[in-house]
Amino acid sequence: METRIYKKENSLSFFKILKESLNDVVGSRFLARQLAERDIKAQYRQSYLGVIWAFIMPITTAIVWIFLSSSGTVQLSDTGISYPVYVFSGTLIWSIFKEALTMPTASTNGARGLLSKINFPKEALILSGIYKMLFNSVFKIGLLFILMLIYKVSFSLTMLLFPVGLLVLILLGVAVGLILTPFSMLYKDIGKVINLVMSFFMYVTPVVYAVPSNGLMKTFMELNPLTYVIGITRDMLFNGTFAYLNIYILIVMLCLPVLMLGLVWYRLSIPVIVERLSA
Amino acid sequence: MTEGELLLKVENVSKKFCKDLKTSLWYGIKDLISGVSSSNKERILRPKEFWAVKDINFELKRGECLGLIGHNGAGKSTLLKILNGLIKPDSGQVTIKGRVGALIELGAGFNPILSGRENIYNNGAILGFTRKEIDDKLEDIIDFAEIREFIDMPVQNYSSGMKVRLGFAVAAQMEPDVLIIDEVLAVGDLGFTLKCFKTIDTILPNTAVVFVSHSMPMVSRICNKIILMENGEPKYVGEDIGEGIDKYYSRFTNNNSNVVFDDNSLTLDSFKIKTESVINGFPVINWGGNLKLDINFTTKIKKETFCIVIIISDKEQRPIAMLQESQFNSIENKSMRVLVDVSDLQLSKGLYNFNLVMKSGMTNEPRLRINNIGEFQVIHEKEVWQPFLLRATYDFIS
């Protein structure tokens, strides 16, 4: 029979906690799916436009930038592909990353009532958040592919890497998000700061325009690690230049340890959060 | 599954809480950091902190039921959260064996827009069932909740009773080794409550149960161990349920009689309870003894027939007995004295109080009603949760 011990000290080692955490991730697949299903169903059952809302954000951002560019309001450097596809793919990849970053906090916050009443594997919250993101992303990516057909983007083998690229993007966002979650659960300021920083970062990342060939902006963008993540992920779609691939690979390799750290940190901090915020 | 196996062990468990939100959040950040660095320090109170739970110790074997009682804010729910692993103790240790089930909130994870059937899956998943288990038990759950007709209706249109029934029906499918029950069963109608306790009765022999309740009859019915908490500390720990309950009640002794109704047709001058002995100013009577009342009052109106009704109620203000009534005729502004004699009082051990009602003998209209006019205690060696212990003789004819 399973024996559980609750006490103050965490005498367990990092790897033991990591193992427990991973076990719970695997063990809570049904719960995670159920929670994701519940939220998706509830979201769409109360709406006529339903899934269309998932498209509207990236489409509006894209339209704004297409207008800005075609009307000559802003002068942008050459993107290599037709601009609407560039903008749409950029905002899509960006929105997925941003969602991944804020998802752990949002999921945990959404389950506050549950956390203080019932003991269940908390990893299910993260997993269900990922499920929900994948569900929403599928529609957006479908739309992207339709757009790519319209603008006659030629097929390349690197496109097959795109799902992997997206997964890396999501895991990277979730990993950082997990580390921030305990703090942003305690203080609302953290969430606001993240939002602020992210809206600033969007303009120093090649989301709606490419890295310029010179100037201050070029320096900023090259200092920003997200430039490589977003850039390479998009290059997979359009068989781009894959510039700075080595930096991207370095970031991907860092992603795994950060994710593990995030999981352990999250697991350890949940009781503290519940204690301080028990609803 | 061996009988009497030790399933739950609680050693010196303490938990501190903070009175101030901003400070509490800051301590949270500190705890996050120190939690990772596995520090053993900080067993002492920091500024603005207090012990919400202090030095709780007990052991529970399979088949035992522990009643956890105490006033509001005594730390019962905090202790439950620690037992359930939701929060960590600040010192001490909890060891739990086997599957833990918690009836702290029924219907966790329900989404109001989704149907009852869908929500069975949501709730079941959170309670740790697999999809297959829920598939198998779905029909049982729907039958138990008695809502087959409405099972495909959104839960937001359910009455609160229906929601609770559905939640309990799912939770009742758990087969826990350790079961933690908070005040959830207080809601719902009588039929539901009876059903809940029937279910718990069947689970009880194979489970170690921790039961939090404010209903003392319920506690004395199902528990065989008791902890009385007061301000986080254990005030009484033991197997004498009666003593624990008496201590709990003694916290609420109030000698304030309250006049519920008075139309000034008579005034009460005194109401004395005369018993064999008085301990600490408290009338005490042995079981089967005689009780005398000495009542003095003045009538204000003339020529009316009054009827005296005296009701005995228990500590929870439930009326449990009434003395035979008597009538008298009033004379204006005349003091009157009545001696009432009750012999062979067979109330069971405990604290009781009197309510006095003066009614018009003709119309039955109340003239004066005073609740909690006097308290007395009945002493007997046997603890019974029923209000009466009736003298009986048995003749065994083999």
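Parameters at a glance
Residues numbered from 1 in each chain as written. Chains lettered and ligands numbered in written order. Predicted model: local features only at pLDDT ≥ 70, side-chain atom pairs only at ≥ 80, totals over all residues. Heavy atoms only, no water. Buried < 20%, exposed > 50% of the residue type's maximum accessible area, 1.4 Å probe, protein only. Helix = DSSP H or I, 4+ residues; strand = E, 2+ residues; numbered from the N terminus. Pairing = 2+ DSSP bridges. Domains from an automatic or database assignment. Contact = heavy atoms within 4.5 Å. Buried area = accessible area lost by both parts, 1.4 Å probe. Polar contact = N/O pair within 3.5 Å; in protein donor to acceptor, adjacent residues only side chain to side chain.

Enquirer: What am I meant to see in the pairing of strand 15 (residues 305–314) of chain B here?
Expert: On a regular strand, one side chain projects to one face of the sheet and the next to the other, so that they alternate. Residues and elements named next belong to chain B. Taken across its 10 residues, strand 15 has 10 buried, putting it largely inside the fold. Note that strand 15 and strand 17 (residues 326–329) share four bridges and pair antiparallel. By the bridge assignment for strand 17, Cys307 is matched with Gln327. In terms of strand pairing, strand 15 meets strand 19 (residues 350–360) through nine bridges, oriented antiparallel. Looking at strand 19, one finds that Cys307 is bridged to Lys359. With three bridges joining them, strand 15 and strand 16 (residues 319–322) adopt antiparallel strand pairing. Residue pairing in the sheet places Ser313 in a bridge with Pro319 of strand 16. Between the antiparallel neighbours strand 15 and strand 16 lie four residues, among them Gln317 with a positive phi of about 65 degrees.

Enquirer: Can you help me understand the domain arrangement of chain B in this one?
Expert: One frequently used descriptor of interface size is the decrease in accessible area upon assembly of the parts. Residues and elements named next belong to chain B. Considered domain by domain, chain B is made up of domain 1 (6–250) and domain 2 (258–379). Each partner contributes residues to the interface: domain 1 has five residues there, and domain 2 has five residues. With both sides pooled, the region where domain 1 packs onto domain 2 buries about 440 Å², and carbon together with sulfur makes up 52% of that total. It is Pro217, Asp246 and Tyr249 in domain 1 that bury the most area against domain 2; as a group they hold 83% of the surface buried on that side. Applying the counting rule to domain 1 against domain 2 returns zero residue pairs in polar contact (both at pLDDT 80 or more).

Enquirer: What am I meant to see in unusual backbone geometry here?
Expert: In this structure, Lys152(A) is a non-glycine residue whose phi angle is positive, near 55 degrees. Within the secondary structure, Lys152(A) sits in the loop between helix 6 (123–150) and helix 7 (162–186). With relative accessibility at 71%, the residue Lys152(A) sits in the exposed group. The backbone of Asn364(B) sits at a positive phi, close to 70 degrees, despite the residue not being glycine.

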